[in-house]
There are 2 protein chains.
Amino acid sequence: MRELGRLLTGTEAGLVAESLEDGESLTSAIGVIDLAKKAKVTDLVAGAGLRFKTEILAAALRGIEGARSTTRAVDTIWTMPGHLAQSGGLTTSLASLVDDARQSVVCSTYNFQKTSGMWRALRGAVERAGVSVRVYIDAEANEGGGPGPSTAEVAAWLSPGTVLQTKRFEGKRVRNHGRFLSIDHRFVVVTSANFSWSAEYGNVEFGVVIDDARLAARIEDEIRDAEPYLYEPPARA
Amino acid sequence: MRELGRLLTGTEAGLVAESLEDGESLTSAIGVIDLAKKAKVTDLVAGAGLRFKTEILAAALRGIEGARSTTRAVDTIWTMPGHLAQSGGLTTSLASLVDDARQSVVCSTYNFQKTSGMWRALRGAVERAGVSVRVYIDAEANEGGGPGPSTAEVAAWLSPGTVLQTKRFEGKRVRNHGRFLSIDHRFVVVTSANFSWSAEYGNVEFGVVIDDARLAARIEDEIRDAEPYLYEPPARA
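All values derive from a computational prediction rather than experimental measurement.

Asks: In this structure, what is going on with the sheet that holds strand β9 (residues 187-191) of chain B? I would like to understand it.
Replies: Strands in a sheet are paired, the pairing made by backbone hydrogen bonds, and the direction either parallel or antiparallel. All names here are of chain B. The sheet built from nine strands is open, its strands ordered β2-β1-β10-β9-β8-β3-β4-β5-β11 with mixed pairing. The strands lining the two open edges of the sheet, one partner per strand, are β2 (89-90) and β11 (231-232). Pairing of strand β8 (residues 180-183) with β9, which is carried by four bridges, proceeds in the antiparallel orientation. Pairing of phenylalanine 180 across the sheet is with valine 190, part of β9.

And the structure:
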C-alpha cells in the first residue's frame, strides 16, 4: 500500500477511487493511469489482496489522494455591510485567530489603522511569551500625518515584534499590497481586507483561511527571501 | 468501511491514522475518539477484517479524512517587482486561468484597468460559446474620466456577460473591495490584486488558487444572495 502511494499521483489515486466507487471494475478504473505504471499497480493491488475488495481499495486510494494534499480545511471570510454575509466567518474573526496564536504571527497589509481589531490583537500577541510577530506594511500608505499611525508608530506599538516597511527597489517605490496572515506556521489567511475598520465592517471584502502548514511555510519563506530587496525597518519616530 | 466513514469526523479519522502510522495499537489509537463511538468503531474495524491490518486501516482512515476535505490543491500566486517571486504562480497567470474557462467565470475586483491581462482574457471568455461571465466591480473606483474605463465601458466590453457595480445600501455607498475569481465552478482565486498592470507587474501582491468545487459554489452563492442589496447594472454609457 505504501508502494502504491509512492507510485500514484494524488490525482491518479482520486480518479481511480472515483471509478471504483462508481462500481467500475479495477481493470476499467485504472484506465486513467499512465500506461507504464498500470502493470505495477495491478501487481501491488493483487499483492495486498485487494483485487476484488474494491471498497477497501477505494478507501485506501482516497487515503493516498488525501495524503498528497497538505490542506486540511478551507473556510471563507467575508465582510459585507448590514450583516448580509450568511456563510463562513467574518473578517472580524481574524483578530481572534491572532489572539489564539501561541508561536508566531507573520502578516502583511497595505494599510494599518488603529480602528482595526488587529491593532489590539497584534499588540496582545507581542506581549505573550514565546510569540514572535513580524508585520510587512506599505511605507507610503502609512506615512502618518493623516488619520492612521505612521510605520514608526506601528513599529513602536508592536515592539519587540518586527515591523518592516517597503523601500525603494530598482529606483522605484515598492507598494506592499498583499494581505495575508500566517498563524503558528499553520493557519494561512489570504484576504482583500486591510487592517482597518472599513475592511472589518463597511466594505465587501473576501478572504479564506486555510489550515495548511506547508503552505504557511512557503509563504513565510517567500516573503522572507524578498526582505533584503523590498523591505526595511521604519526610521524611529 | 462506509459506515466508519459516516461515524468518524475527518479530524478523528486523521488522528487515529496518525497514531496507527506511528506504530500504536488500535486500542491505543482510538483513544482520541469520542467514548460513545469507540465500541462501534472497534466492531466495524473487526467486521472489515482489519483488526490487525493497521497499515490498510490507516490508509482507509486517511481516505475518510481526505474525503471529508473537498480541497484538492492550493497553490500560491505572487506579484513581486524584479522577478523576485521564486515559488508558485504569478498574478499574470490568472489571465490563463480565464482563458481555460469552459463554463463560467465569476469574479470580483475593486479596480479594473485596460492594462490588466484580465481585460483581454475576460473578453475572450465572453466570446467563447457556452461560457458565462459575471463581474462585480466597485462603482466609485471605476467612475471613468481618469485613466481607467468606467463601469459602463466595462459592461459594454464584456457584453453579453454580466457586469454589476456597487450601489447605495442603507444610505451609504458600498465599496466592493473583494478580489476573487471562480472558474468553471471549481477553481477559486483569492488575491489582493486588482485587475491592473501594477497588480500584475509592479506591486507586492499575494493570492492563492484553490481547486475546490464546494468552495467555489459557496462563494458564488454568497455574493449572488447579496446582489439585490449591494449591486446593480451600470447605467449605459
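Asks: Even after reading the chapter, I still don't get helix α4 (residues 35-47) of chain B, so can you show me in this structure?
Replies: The periodicity of an α-helix, 3.6 residues per turn, causes residues three or four places apart in sequence to face the same way. Residue and element names in this part refer to chain B. Taking 1.5 Å of rise per residue, 13 residues should cover 18 Å, and α4 covers 19 Å from first to last C-alpha, within 8% of that figure. Regarding α4, the residues found buried are Lys37, Val41, Leu44 and Val45. Taken end-on, α4 shows its buried residues confined to a sector of 95°, consistent with a single buried face. Opposite the buried face of α4, by more than 90 degrees, sit the exposed residues Leu35, Ala39, Asp43 and Gly47. With its phi angle positive at about 75°, glycine 49 sits one or two positions after the end of α4.

Asks: Looking at this model, I keep getting lost on unusual backbone geometry. Mind explaining?
Replies: Both trends apply: most residues other than glycine have a negative phi, and most peptide bonds are in trans. All names here are of chain A. In the segment running from serine 159 into proline 160, the intervening peptide bond is cis, with an omega of 5°. The residue proline 160 is located in the loop between α8 (151-157) and β5 (162-166) in this model. One non-glycine residue with positive phi stands out, namely glutamate 170, at about 50°. Inspection of the secondary structure puts glutamate 170 in the loop between β6 (168-169) and β7 (172-173). For glutamate 170, a relative accessible area of 63% gives the class exposed.

Asks: Help me understand the domain arrangement of chain A in this model?
Replies: Looking at chain A, the domain boundaries give domain 1 (2-68) and domain 2 (73-232). Placing a centre on the C-alpha atoms of domain 1 of chain A and another on those of domain 2 of chain A gives a separation of 42 Å.

Asks: Quick question: what am I supposed to make of the UniProt feature "domain: PLD phosphodiesterase" (unreviewed entry) in chain A here?
Replies: Per the UniProt entry, the sites bearing "domain: PLD phosphodiesterase" (unreviewed entry) are residues 172-199 of chain A in this numbering. A helix fraction of 11% and a strand fraction of 39% characterise residues 172-199 of chain A, whose end C-alpha atoms lie 28 Å from each other.

Asks: Help me understand the interface of chain A and chain B in this model?
Replies: In many reports, interface size means the accessible area that the parts give up when they come together. Every contact between the two is made by 55 residues of chain A and, on the other side, 56 residues of chain B. Summing both partners gives a buried area of about 4,800 Å² for chain A against chain B, and 64% of it is carried by carbon and sulfur. Linking chain A with chain B are two salt bridges, by the criterion used here. Arginine 218 of chain A is the partner of aspartate 75 of chain B in a salt bridge, and the nearest nitrogen-oxygen pair spans 3.2 Å. Our count for the chain A to chain B interface comes out at 18 residue pairs in polar contact (both at pLDDT 80 or more). Breaking the side of chain A that touches chain B down by element, the ones donating at least two residues are α5 (54-68), β1 (73-79), β10 (205-211) and α10 (213-230) of chain A. Of the residues contributing to the side of chain A that touches chain B, the split by class is 26 nonpolar, 16 polar and 13 charged.

Asks: Teacher, can you tell me more about the relation of the copies chain A and chain B here?
Replies: For the pair of chain copies, the relating transformation is a rotation about an axis with a translation along it. When chain A is fitted to chain B, the best match, at an RMSD of 0.2 Å, comes from turning it 180° and sliding it 0.2 Å along the axis. Here the two chains are linked by the operation of a two-fold rotation axis. No C-alpha of chain A approaches the rotation axis more nearly than that of glycine 63 of chain A, which lies at 1.7 Å. The residues that chain A uses at the interface reappear at the interface of chain B in 100% of cases, marking a shared surface.

Asks: When you look at helix α2 (residues 10-21) of chain A in this model, what are you seeing that I'm missing?
Replies: All names here are of chain A. Here α2 is twelve residues long and its end C-alpha atoms lie 16 Å apart, about the 16 Å a rise of 1.5 Å per residue gives. Those residues of α2 lying buried are Gly10, Glu12, Ala13, Gly14, Val16, Ala17, Ser19 and Leu20. Following α2 by one or two positions, glycine 23 adopts a phi angle in the positive range, close to 95°.

Thresholds applied
Residues numbered from 1 in each chain as written. Chains lettered and ligands numbered in written order. Predicted model: local features only at pLDDT ≥ 70, side-chain atom pairs only at ≥ 80, totals over all residues. Heavy atoms only, no water. Pairing = 2+ DSSP bridges. Helix = DSSP H or I, 4+ residues; strand = E, 2+ residues; numbered from the N terminus. Expected span 1.5 Å × (residues − 1). Buried < 20%, exposed > 50% of the residue type's maximum accessible area, 1.4 Å probe, protein only. Arc of directions from axis to C-beta. Domains from an automatic or database assignment. UniProt positions renumbered as here; feature names shortened; annotations may be inferred. Contact = heavy atoms within 4.5 Å. Buried area = accessible area lost by both parts, 1.4 Å probe. Salt bridge = Lys/Arg side-chain N within 4 Å of Asp/Glu carboxyl O. Polar contact = N/O pair within 3.5 Å; in protein donor to acceptor, adjacent residues only side chain to side chain. Nonpolar A, V, L, I, M, F, W, Y, C, P; charged D, E, K, R; others polar. Least-squares fit on C-alpha atoms with pLDDT ≥ 70 in both.

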